[in-house]
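Geometric and topological summary
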Amino acid sequence: MQGLAVVLFPVLLMLFALAMERVEVRLSQLTVRQQEVEEFLDQASNDEVATLAKEGFPRALARFNRRRKARSGLETDDEVDSQRAG
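Residues numbered from 1 in each chain as written. Predicted model: local features only at pLDDT ≥ 70, side-chain atom pairs only at ≥ 80, totals over all residues. Heavy atoms only, no water.

**Re the overall build of the protein**
Per the secondary structure count, the protein includes 4 helices and 0 strands. Reading the helices (α) and strands (β) of the protein from amino to carboxyl end gives α-α-α-α. Just so you have it, the protein exposes about 7,500 Å², and 58% of that area is on carbon and sulfur atoms. (Helix = DSSP H or I, 4+ residues; strand = E, 2+ residues; numbered from the N terminus. Areas by Shrake-Rupley, 256 points an atom, 1.4 Å probe, with all protein chains shown as cover.)

Shown next as structure tokens:
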């Protein structure tokens with residue numbers, strides 16, 4: 001019985017270590033930089049905060065980034081129009 005424990009313990013320990021590595025990789029893909037969090041909290045709309053509460057930070061941040069890109073695209077068009085007029 002002790003021999004079986006001596007053989008199985010290292011194998012189980014290695015399997016546990018491999019499983020934890022997979023968990024770590026998934027968690028590292030979900031991490032968000034502190035700057036992104038601060039920017040989100042400063043500039044998020046009510047809808048984006050509601051998305052944060054319902055669906056979590058990654059989706060709320062994606063929605064925030066889409067809104068920000070759309071806004072910057074509109075500003076760019078306005079700037080182009082003003083330059084053409086001038």
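**Observations concerning the environment of Val32**
One can find Val32 in the loop between α1 (2-30) and α2 (34-43). Separated by 25 residues in the primary sequence, Val32 and Phe57 have C-alpha atoms spaced 8.8 Å apart. Sequence-distant contacts of Val32, defined by excluding residues within four places in its chain, comprise Val37, Phe57 and Leu61. (Contact = heavy atoms within 4.5 Å.)

**Digging into the pattern of salt bridges**
A side chain with one charge can pair with a side chain of the opposite charge if their charged atoms come near. Enumeration over the complete set of coordinates arrives at 3 salt bridges. Between Arg68 and Glu39 there is a salt bridge, with its nearest N and O atoms 2.1 Å apart. Of this pair, Arg68 sits in helix α4 (residues 57-85) while Glu39 sits in helix α2, and the two are 29 residues apart along the sequence. Across the pair Glu55 and Arg59 runs a salt bridge whose closest N-O atoms are separated by 3.5 Å. (Salt bridge = Lys/Arg side-chain N within 4 Å of Asp/Glu carboxyl O.)

**Some remarks on α1**
Helix length check: α1 (29 residues) gives 42 Å between terminal C-alpha atoms against 42 Å at 1.5 Å per residue, within 8%. Remark: the principal bend of α1, roughly 25°, maps to Leu8, with a proline, Pro10, within the next four residues. (Expected span 1.5 Å × (residues − 1). Bend = angle between axes of the 7 residues up to and from the residue.)

**Structural notes on the confidence of the model for the protein**
Residues with a pLDDT of 70 or more make up 85% of the protein, whose mean pLDDT is 79. The secondary-structure element of the protein with the lowest mean pLDDT is α4, recorded at 68, while α1 shows the highest, at 90. Counting contacts from residues 76-86, a segment whose pLDDT is below 50, to residues more than four positions away or on other chains yields 0 contacts. (pLDDT = per-residue confidence, 0-100.)

**A look at the packing of aromatic side chains**
Any pair of aromatic rings gets described here by the distance separating the centres and the angle formed by the planes. By the definition in use, this model includes 1 aromatic pair. Between Phe40 and Phe64 the ring centres are 5.6 Å apart and the planes differ by 80°, which places this aromatic pair in the edge-to-face class. Separated by 24 residues along the polypeptide, Phe40 in helix α2 and Phe64 in helix α4 bring together distant segments of the chain. Here Phe40 matches Phe64 in class, with each residue buried. (Phe/Tyr/Trp six-rings, centres within 6.5 Å; stacked < 30°, edge-to-face > 60°. Buried < 20%, exposed > 50% of the residue type's maximum accessible area, 1.4 Å probe, protein only.)

**Some words on the environment of Ala62**
Within the fold, Ala62 resides in helix α4. Note: C-alpha distance between Ala62 and Glu48 (14 residues apart in sequence) is 9.4 Å.

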